[in-house]
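Here are the chains, one letter per residue:
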Protein chains: 2
Amino acid sequence: MRKIILLLSVLLSQIAMGQQQNSPDGNVMLSFSLKADGTPTYKVSYKNKPVINESSLGFKLKKSEPLANGFRLIGDQKSTFKENWKPVWGEEAEILNHYNELLVSLKQDKTNRLMNIRFRVYNDGVGFRYEFPSQKELTYFVVEEELSQFAMTGDHTAWWIPGDYDTQEYDYNESKLSEIRGLMKQSMTDNVSQFVFSPTGVQTSLMMKTNDGLYINLHEAALVDYSLMNLNLDDKTFVFQSHLTPDAKGDKGYLMAPCHSPWRTIMVSDDARKILASRLILNLNDPCALEDTSWIKPVKYIGVWWEMITGKSSWSYTNDLPTIDLNTVDYSKTKPNGTHGANNANVRKYIDYAAKHGFDQVLVEGWNVGWEDWFGNKKDYVFDFVTPYPDFDLKALNDYAHSKGVKLMMHHETSGSTRNYERHMKAAYELMNKYGYNSVKSGYVGDILPVGEHHYSQATINHYLYAIKEAAKHKIMVNAHEAVRPTGLCRTYPNLIGNESARGTEYEAFGGNKPFHTTILPFTRLQGGPMDYTPGIFETEIKYVNPNNNSQVRSTLAKQLGLYVTMYSPLQMAADLPENYDKYADAFQFIKDVPVDWQKSVYLEAEPGRYITIARKDKHSNDWYVGNTSYEGGHTSLLVLDFLDKDKKYEATIYTDAKDANWQNNPKAYTISKQKVNAKTKLKLTAASGGGYAISIKEIK
Amino acid sequence: MRKIILLLSVLLSQIAMGQQQNSPDGNVMLSFSLKADGTPTYKVSYKNKPVINESSLGFKLKKSEPLANGFRLIGDQKSTFKENWKPVWGEEAEILNHYNELLVSLKQDKTNRLMNIRFRVYNDGVGFRYEFPSQKELTYFVVEEELSQFAMTGDHTAWWIPGDYDTQEYDYNESKLSEIRGLMKQSMTDNVSQFVFSPTGVQTSLMMKTNDGLYINLHEAALVDYSLMNLNLDDKTFVFQSHLTPDAKGDKGYLMAPCHSPWRTIMVSDDARKILASRLILNLNDPCALEDTSWIKPVKYIGVWWEMITGKSSWSYTNDLPTIDLNTVDYSKTKPNGTHGANNANVRKYIDYAAKHGFDQVLVEGWNVGWEDWFGNKKDYVFDFVTPYPDFDLKALNDYAHSKGVKLMMHHETSGSTRNYERHMKAAYELMNKYGYNSVKSGYVGDILPVGEHHYSQATINHYLYAIKEAAKHKIMVNAHEAVRPTGLCRTYPNLIGNESARGTEYEAFGGNKPFHTTILPFTRLQGGPMDYTPGIFETEIKYVNPNNNSQVRSTLAKQLGLYVTMYSPLQMAADLPENYDKYADAFQFIKDVPVDWQKSVYLEAEPGRYITIARKDKHSNDWYVGNTSYEGGHTSLLVLDFLDKDKKYEATIYTDAKDANWQNNPKAYTISKQKVNAKTKLKLTAASGGGYAISIKEIK
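Cut-off values and rules
- Residues numbered from 1 in each chain as written.
- Chains lettered and ligands numbered in written order.
- Predicted model: local features only at pLDDT ≥ 70, side-chain atom pairs only at ≥ 80, totals over all residues.
- Heavy atoms only, no water.
- 1 Å grid on protein atoms, 1.4 Å probe; cavity = no way out; pocket = protein on both sides within 12 Å on 5 of 7 lines; lining within 4 Å.
- Points joined across faces, edges and corners; volume = space filled by probe spheres on them.
- Helix = DSSP H or I, 4+ residues; strand = E, 2+ residues; numbered from the N terminus.
- Nonpolar A, V, L, I, M, F, W, Y, C, P; charged D, E, K, R; others polar.
- Buried < 20%, exposed > 50% of the residue type's maximum accessible area, 1.4 Å probe, protein only.
- Lys, Arg positive; Asp, Glu negative; His and termini not counted.
- Salt bridge = Lys/Arg side-chain N within 4 Å of Asp/Glu carboxyl O.
- Polar contact = N/O pair within 3.5 Å; in protein donor to acceptor, adjacent residues only side chain to side chain.
- Pairing = 2+ DSSP bridges.
- Axes fitted to C-alpha atoms, helices over the stretch in contact; angles between N-to-C directions.
- Contact = heavy atoms within 4.5 Å.
- Buried area = accessible area lost by both parts, 1.4 Å probe.
- Least-squares fit on C-alpha atoms with pLDDT ≥ 70 in both.
- Phe/Tyr/Trp six-rings, centres within 6.5 Å; stacked < 30°, edge-to-face > 60°.

Visitor: Go over empty space enclosed by the protein with me, naming the residues and quoting the values.
Guide: All names here are of chain A. Scanning the model with the defined rule gives 6 cavities of 30 Å³ or more in all. Size it by volume and the largest cavity reaches roughly 200 Å³. Residue lining of the largest cavity: 22 residues in total, with Tyr 464, Ile 468, Val 484, Leu 489 and Leu 496 positioned closest to the centre. Contributions of two or more residues to the lining of the largest cavity are made by helix H8 (418–435), helix H9 (458–473), strand E26 (477–481) and strand E27 (496–499). With 5 residues, H9 is the single largest residue contributor to the lining of the largest cavity. By residue class, the composition of the lining of the largest cavity is 17 nonpolar, 3 polar and 2 charged. Its boundaries defined by the atoms lining it, the second largest cavity holds a volume of some 70 Å³. Taken together, 13 residues make up the lining of the second largest cavity; nearest its centre are Glu 508, Thr 518, Tyr 533, Arg 554 and Ser 555. Elements supplying a minimum of two residues to the lining of the second largest cavity: helix H10 (517–520) and helix H11 (557–566). Here the lining of the second largest cavity gets 3 residues from one element, more than from any other, and that element is H11.

Here it is in structure tokens:
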């Protein structure tokens, strides 16, 4: 009798629960079920603790019945997948993709329309997406809103930035979910293109922590031909709902079956380090689409850039003309303003410096005509991407760089004028091929053209990928700034070696980032792919570059070194001026040493908003590098170097904050010490307020 | 004393009148003046009769003071221009451009902004445009509305179609201005993309006639990087005001000084024939921008087209798939629908027919993949413009055509997806070059992408010109359908050999055009440039092509011949099926004979909405061709052939309606007669109801 009752209760529970799937390790459990009215719902738990309460799924469509209820389950399918794959570049040389899948097939009887939902359950979380099979009853349809819910189980702590259709360049807030509304207004700091849509709207990747110590991250993967998802919070129930980015007419997606949505991702762990170690986003993306990837090389670079950001020099060549018409302008008839940074002499100086110190490339911004009025005018024909200023000798400078084993890095600022960029793209890439550029930093500053489109609307997202694919045809690597935040597409298109899509180091010259900024970014922005954060500012008081700029980098010098490890990117800039590096040549050595591609990464310590300590093994040697970034409260690490090979000996060089250092009053106080270490070594290191440290651990052969 | 009074009154009159300029013959007078509040105004008279009453000029700007009043005259300048220029193709081999100019320079003291207005006064009318010099106080600005008025002097008769942001494919109305409002609703016939903005909005070119016999035409010239102007009527005062086409955000133009508006044109005469003979629109355009024009050749063509328009065959290849994804579709795995028109056998039949009858080209629509779901879905990647259907052998068919001295005409339907077209344009033009195509018919059916843009908004107008310029780089001639109506740009870019931008012959298979349609088009649509009207339908009852189509061409067969003369175009189609031409081989002879490029044109008779009779001299011989089109009331012409060379003899072949012909019940009754003629010959010819006639007059050598 007891057995029967047990069986019955299992049965009833299954009926009530609907379909289930567990992670390979059994810790993550996903349940799918239909409500009585046929609304699809799902739940997620971790080690039997609820992570996502019952949350409904579906779509509101334009001029059509919603795909939100009235569904009947017509099939389900479970499967398991396990493989190791090798990224072209990354935090580790091999990645395990291991999940259990549940595919539910739904039919809306009233309309005869079919919609499937595919769940993939990993040890570190869940991904799901909507799939629309080819069918006569659903061909072309327009999304009015996606109705994916993420029901939180309480008033979690969140590290969030305002939801926006155009920018992610905000400072993070740490607050309870219930406090978002009250903090929104002050969080909406000015940007040249921005559109905040709700007092409780936030962006993904969104990092949260529950009162009982669960770390939860909401994001998306493989955002292709679809608009970006923000999250809108109901701050009474703590339910997030998907909020897509609209186009010029307020529509949120033009879809054609067969098709599918991007993956919606829920990462969860009771250990914050596992959130950083997760490869869930990459794994949910398609494998590499490029046959030949031999031309894709991680890049360490310097550039003619920080001097413009700080206001020491200018992108533009002249101050003579109120407007520039590229069809008619004759720069030879204008008076140079004398501050143009991208001039032959200056660029040669940078090339010399890169060659001397072993950098791969020199970025040069402001090399091409049009910078006098490039900004904020919704100007259509703003740049042609091929014509240099009179004082920039395209051929001679590339020849000179190549003679020294250095490449120039191309710069394509589009000013948001996407049509104009596409019109000139082929010629621009061909010019790069002709002169031997193999990487481009592109930019999308200001409102997007076509008028009414947003940085994160479907058509613009389609543009970014077009640029990446066309670049790949020309064997060009892309580092796109102000583009949509990444969602792991670098797995499929590994020539996408960088993005900005967050508040980068440039803001340190525009008033500063919060000191805890870089303790959050790896949990959020970096989940989707690398960021060209441009660390390495040694002269943290900008007045040493430009006496008129009173900004201060909110970091110690030692922390700037740590960022080369904690902020993973295959593209790393040493952003400060050469003369500033000369002043601190001993510290500069770490930047020269640190690799940009890794065999393995070990996440030693992590707490969002507090500290991150990561150790990484060079992809091409047995050397290790450790980095730490800490918040205003500082952090003391007790490191055990057990990640080192047990049978090898190493020499460690430790770059850390001096005892009296702090970001605000004494940022440049650092110490450098050397010591022999092995797998048994324990190190106690203290990061100052807003500080950090870096260690190079080189094998003694 | 009398002298002094006279002088004083002249002086006073000049103060009151402001600036003036007259046409070279003195008939047209233009007056410019500023109102007391500094509002710019102008007036136009013809032979001392007012044509345009005092009308104000200016702009409403977005987030900026209007450029509408508060102006002070800071300079004026008068000049005269006279030159003869030779179009690459046209109604005549040489065109006189003769005008007197008035340039007024204005300053808005409150804002220190400068605006000039340039007037050109011709014997047949006036053109004016706004010019914005380079200035610090006005750099980038956004037009909320252009405030150009055209104040009519009374309740004129107008031949008008509804103002619209997306289409001109409407049947014309003939009504008093005061009757427009009452007729608007019934005039808004369905189109797959349309946006009527006002119950009294009308399009240009707008043709009018005053009660005392003045013919007035309002239009624009050289529409470049600006949105299209419709006219909105105040039907109490009979004042038209410019109404520009908005973009996705409702803005009407992004301008950057220095720049200028298109020309606003006012043509006027007491003789309707002079409106047809006017070259004012062409003259206001810039001279030819192409260095080499030797590759531009007028074209007479047949095509695989009417059979699809009538529903006999299809553009698409299969009925198997609900949607087509060009990235993945495999047509070899689909079942052909059996109705695909652009198949090898059928195209060869057309090539043979073109070769046999001396046509230059064969248009083939539906040759490329994607036609299954091309239409009305705002589909982005709708065509690739390079991949043929499995049953269209691109190389073999071109080789076959060329072996017979015939070219194929390319077809690029964009479905309004302008970004997609631009992305594939270069490859598409290169494909044309590779296979020997030298002309393309392009199409923009359906709503424009990017979302929210209109067919006539600034960005889309910019696209059309981009396509024309890129085509010129590949020595390709363009015939763009559903694009913006032309404004004389073919002078500057003579590879623009045709446009649609009006209700063409295709509508005769969709229910019909009003019988007087072609008596209006030369006064309106053709003012800006040639139309690919596709005349020559002999089987006027469509059921002979497709038994399921009950439409009837609202024209006699003889009138179809007359249209080859009255509807000037360097690109003329013989649109009917080969088998229908074989049935009426004697009439078909006129289509085979008639040239598409002219030495000279003589406008023998003209009355809008009633009849047009034109004689044209072949550019390459001494032969003349006469055509007539008439309205439902028919028309009897008394022609004196005094345009012929006095010392030459000719044989005329007269193709005219039979006595009992009429468009409705007996359209195919025609007679063909031959007679010797000379410059003294008089001919009495009668066009039936909805009829017309055609005469070839060949020199007897």
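Text resumes after the structure shown.
Visitor: Pulling in residues and values, what's your account of the side chain of Asp 618 of chain A?
Guide: Residues and elements named next belong to chain A. For Asp 618, the location among the structural elements is in strand E30 (residues 611–618). Lys 701 provides the closest opposite charge to the buried, unpaired Asp 618, separated from it by 8.5 Å. One polar contact links Asp 618 to Ser 621, side chain to side chain, over a distance of 2.8 Å.

Visitor: So, the sheet that holds strand E5 (residues 59–61) of chain A: which residues are in play, and what are the values?
Guide: All names here are of chain A. Judged by pairing direction, the sheet is antiparallel, and its 3 strands sit side by side in the order E5-E10-E19 without closing on themselves. The sheet is open, and its two edges are formed by E5 and strand E19 (254–256), each paired on a single side. Across the sheet, the mean angle separating the axes of adjacent strands is 50° when strand polarity is ignored. Inspection of the sheet shows strand E10 (residues 140–146) paired to E19 by 3 bridges, in the antiparallel sense. By the bridge assignment, Val 142 is partnered in E19 with Tyr 254.

Visitor: Describe the interface of chain B and chain A, naming the residues involved and giving the relevant values.
Guide: In this complex, chain B contributes 33 residues to the contact, which on the side of chain A involves 33 residues. Carbon and sulfur atoms supply 56% of the area that chain B and chain A bury against each other, a total of about 2,900 Å² over both sides. On the chain B side of the interface with chain A, the three residues burying the most area are Tyr 140, Arg 423 and Val 451 of chain B, jointly 22% of the side's total. At the junction of chain B and chain A, the tally comes to 2 salt bridges.

Visitor: How would you sum up the environment of Asn 377 of chain B? Please name residues and give values.
Guide: The residue Asn 377 of chain B is located in the loop between strand E23 (361–364) and helix H7 (394–403) in this model. Separated by 319 residues in sequence, Asn 377 of chain B and Gly 58 of chain B have C-alpha atoms that sit 39 Å apart. Ignoring anything within four residues of it in the chain, the contact list for Asn 377 of chain B reads Tyr 140 and Tyr 254 of chain A.

Visitor: Would you mind going over the relation of the copies chain B and chain A in detail, with residue names and values included?
Guide: Rotating chain B by 180° and translating it 0.0 Å along the rotation axis places it on chain A, where the RMSD comes to 0.0 Å. Considering both components of the superposition, the chain copies are consistent with a two-fold axis. When each C-alpha of chain B is compared by its distance to the rotation axis, Ala 248 of chain B comes out closest, at 3.0 Å. Same-surface contact between copies: 100% of interface residues of chain B are shared with the interface of chain A.

Visitor: Which residues make up the sheet that holds strand E27 (residues 496–499) of chain B, and what values do they have?
Guide: Adjacent strands of a sheet form backbone hydrogen bonds with each other and so pair up, either parallel or antiparallel. Residue and element names in this part refer to chain B. With parallel pairing, the 7 strands of this open sheet are ordered in space as E27-E26-E25-E24-E23-E22-E28. Where the open sheet ends on each side, the last strands, each with one partner, are E27 and strand E28 (571–573). Each strand axis lies, on average, 25° off the axis of its neighbour in the sheet, ignoring direction. Helix H6 (residues 344–357) rests against strand E22 (299–304), E23 and strand E24 (407–413) of the sheet, and its axis sits at about 150° to E22.

Visitor: Can you break down the packing of aromatic side chains residue by residue, with the values?
Guide: Residues and elements named next belong to chain B. Inspection of the entire model under this criterion finds 76 aromatic pairs over all chains. With a centroid separation of 5.2 Å and 20° between ring planes, the pair formed by Phe 81 and Tyr 99 is classed as stacked. In this pair, Phe 81 is assigned in strand E6 (residues 71–85) and Tyr 99 in strand E7 (residues 95–108), connecting sequence segments 18 residues apart. The class of Tyr 99 is buried, set by a relative accessible area of 6%. Residues Trp 371 and Phe 383 carry aromatic rings whose centres are separated by 4.8 Å and whose planes lie at 50° to one another, so their mutual orientation is tilted. Within this pair, whereas Trp 371 is found in the loop between E23 and H7, its partner Phe 383 is found in the loop between E23 and H7, the two being separated by 12 residues in sequence.

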